[in-house]
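# Geometric and topological summary
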Amino acid sequence: MSIRTRAGALLAGGALVASGLTLAGPTPGAHAADVPSPEAKAAATWLKAQLTEAGVFGADASSVSATLDFGTALARTGVDASLLTQVTTGVDGALADFIGTEGDTSKSGRVAKAAAFYAEAANPKDAGTDHVDLIARLEGVVEPSGRLTPSWGDADYFGQSSAVLALEIAGSGETQAATDFLVGGQCANGGWGYFDTSTTPATCVPDVDTTSLAVAALASQEAAASQTAVDKGTAWLVSQQAADGSLGLSDFLPYNSNSTGLAAWALGEAGETAAAARAAAWVASRQLTKLAGCTSVLDPEAGAIAYDATAIADARADREIAAADRPTWILASAQALAGLAYLSNPVAGRVYGPTGYVRAGTTVTVRSTGLRAGQPACLAGFGNARAIAGPGYAKVTLPAATGNRVLALRWTGGGVTTTIKTLGAKTFRPKVRSTRVKRGGLQVVTVTGLAPAERFTVRYAGRAIRTATATSTGVARVSFRVGRVKGLKSVVVLGQFSDRRGTTTFRVVR
């Protein structure tokens, strides 16, 4: 059962509480993650910090609209019930100015959007400080044809989708007509958007945002016509999805987090969870993160979701989110948040370095796995710290001394470590059992200071006489016949690497 179906059941049974309070335990849709992802929590936390004391992002209509997006995402994902209450209270205070007076059809789209929010989060029949019946207000701006009275003369399928959602949850008698009008506005290719009247006949031009809202509004309806429309709309969205999971590209928009986040939610609600997960992963890859080991001047903005790659690049270049750009970041984060409910979780990240001993001071390649494509992560340890996008490979330079070097891979909500064992340069001082050995006699050489289980070679008379590994305490003992040639003899001990060696001498006598 989807969120709006559950909300409708509560509303029909009189179980919704007064405006400003939330539904008991809102949870994601049937295929969404049961537990909100760390990325969704981080986005909600950042957005919370952007709210004014009044509980909205600002007093102007666009800021209130973004607040409604935020509240709707909170209701859908179940990230933070207390924060949803705070946002609903803030919207209560701003509602009257946002929707205007009764009969003002120029704000019909706002009425529909507000009604949809209250239908999912609180009580649409007792909204705002004036206790407005938003369903009645909405029914008043729905024409007999089912069309939401447009604010600018052409059909507004953006607002129409919100109207269908709110009316359906409320069990309104206008639901069917509104639904029929929305279905009737679908382009032949399956999308929704607008009609270009400069051509004859008018051309239906779909876009990702409008299609996503329409699919999400119709997804829980059981009528065959609605399900057919959802199937066609979902197929169109999937056809627009790039290989990296993003959506939104058009003549006037780049691939962006707003469109991709909305599409992730719609695709997930329609049952296309694999496509939804790819879209959500792309959104998460555009999120600012604060990860131990990789500090950044943008750490105070952790959780914010950029509109696109250019927005991230600008923020990094400016070393801040500029005041003029902050509304765009807020809107992108608010609209993309709901899509993060379909993020594949939990992440099972791993990091692999070379096994066995590695020569100190060298550069080695490490591999990260288990992260989502493009997922922000931090690789840090022994002086190395870099932001990476997993999964993949990275080169790290090891310290010049012997030691167990811990390398950490951290991402939002988790982290793992691996240990790389390094061996630095060392001069051994091997000892012989006797400094004088008779020809053909037995000599014993003892070496200490090797690393546990370090490979070593003992050379005598120009040849290797023993290659083995040291004990767990780093000791090696080698015995050999000295031969019959008299004179001063050398024994060379080579460790695992060429800069680890030692020499001792003894004399072969008659």
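Here, the structure is the one placed above.
A brief report on the enclosed structure follows. (Residues numbered from 1 in each chain as written. Predicted model: local features only at pLDDT ≥ 70, side-chain atom pairs only at ≥ 80, totals over all residues. Heavy atoms only, no water.)

An α-helical turn contains 3.6 residues, so any two residues separated by three or four positions project in the same direction. The end-to-end C-alpha distance of helix α12 (residues 273-285), which contains 13 residues, comes to 18 Å, matching closely the 18 Å that a straight helix rising 1.5 Å per residue would cover. α12 sits mainly inside the fold: ten of its 13 residues count as buried. Every buried residue of α12 is accounted for by Ala275, Ala276, Ala277, Ala279, Ala280, Ala281, Trp282, Val283, Ala284 and Ser285. Tucked into the core, α12 has its buried residues touching α2 (38-50), α10 (224-240), α11 (257-269), α14 (326-337) and β6 (375-381). (Helix = DSSP H or I, 4+ residues; strand = E, 2+ residues; numbered from the N terminus. Expected span 1.5 Å × (residues − 1). Buried < 20%, exposed > 50% of the residue type's maximum accessible area, 1.4 Å probe, protein only. Contact = heavy atoms within 4.5 Å.)

Turning our attention to the sheet that holds strand β9 (residues 403-411). Strand order in the open sheet formed by five strands is β4-β10-β9-β6-β7, and the pairing between neighbours is mixed. Pairing within the sheet leaves two strands with one partner each, and these edge strands are β4 (357-359) and β7 (384-390). With strand direction ignored, the average angle separating the axes of adjacent strands in the sheet is 35°. Sheet topology note: the β4/strand β10 (residues 414-423) ladder contains three bridges and is parallel. Note on β10: the bridge partner recorded for Tyr357 is Lys421. (Pairing = 2+ DSSP bridges. Axes fitted to C-alpha atoms, helices over the stretch in contact; angles between N-to-C directions.)

Glancing now at the state of the cysteines. Applying the stated criterion across every chain yields a total of two disulfides. What pairs with Cys187 in a disulfide is Cys204, and their sulfur atoms sit 1.8 Å apart. An S-S torsion of about -70° defines the bridge between Cys187 and Cys204 as left-handed. With Cys187 in the loop between α8 (175-184) and β1 (192-196) and Cys204 in strand β2 (residues 203-207), this pair connects stretches of sequence that are 17 residues apart. With a sulfur-sulfur separation of 2.0 Å, Cys294 is cross-linked through a disulfide to Cys378. Between Cys294 and Cys378, the S-S dihedral sits near 80°, and the bridge is therefore right-handed. Residue Cys294 is located in the loop between α12 and α13 (309-318), and its partner Cys378 is located in strand β6; the two are separated by 84 residues in the primary sequence. Take Cys294: its relative accessible area is 15%, and that puts it in the buried class. Taken N- to C-terminal, the disulfide-bonded cysteines of the protein chain are connected 1-2, 3-4. (Disulfide = S-S within 2.5 Å.)

Keep in mind that these numbers describe shape and distance, not what the molecule does.
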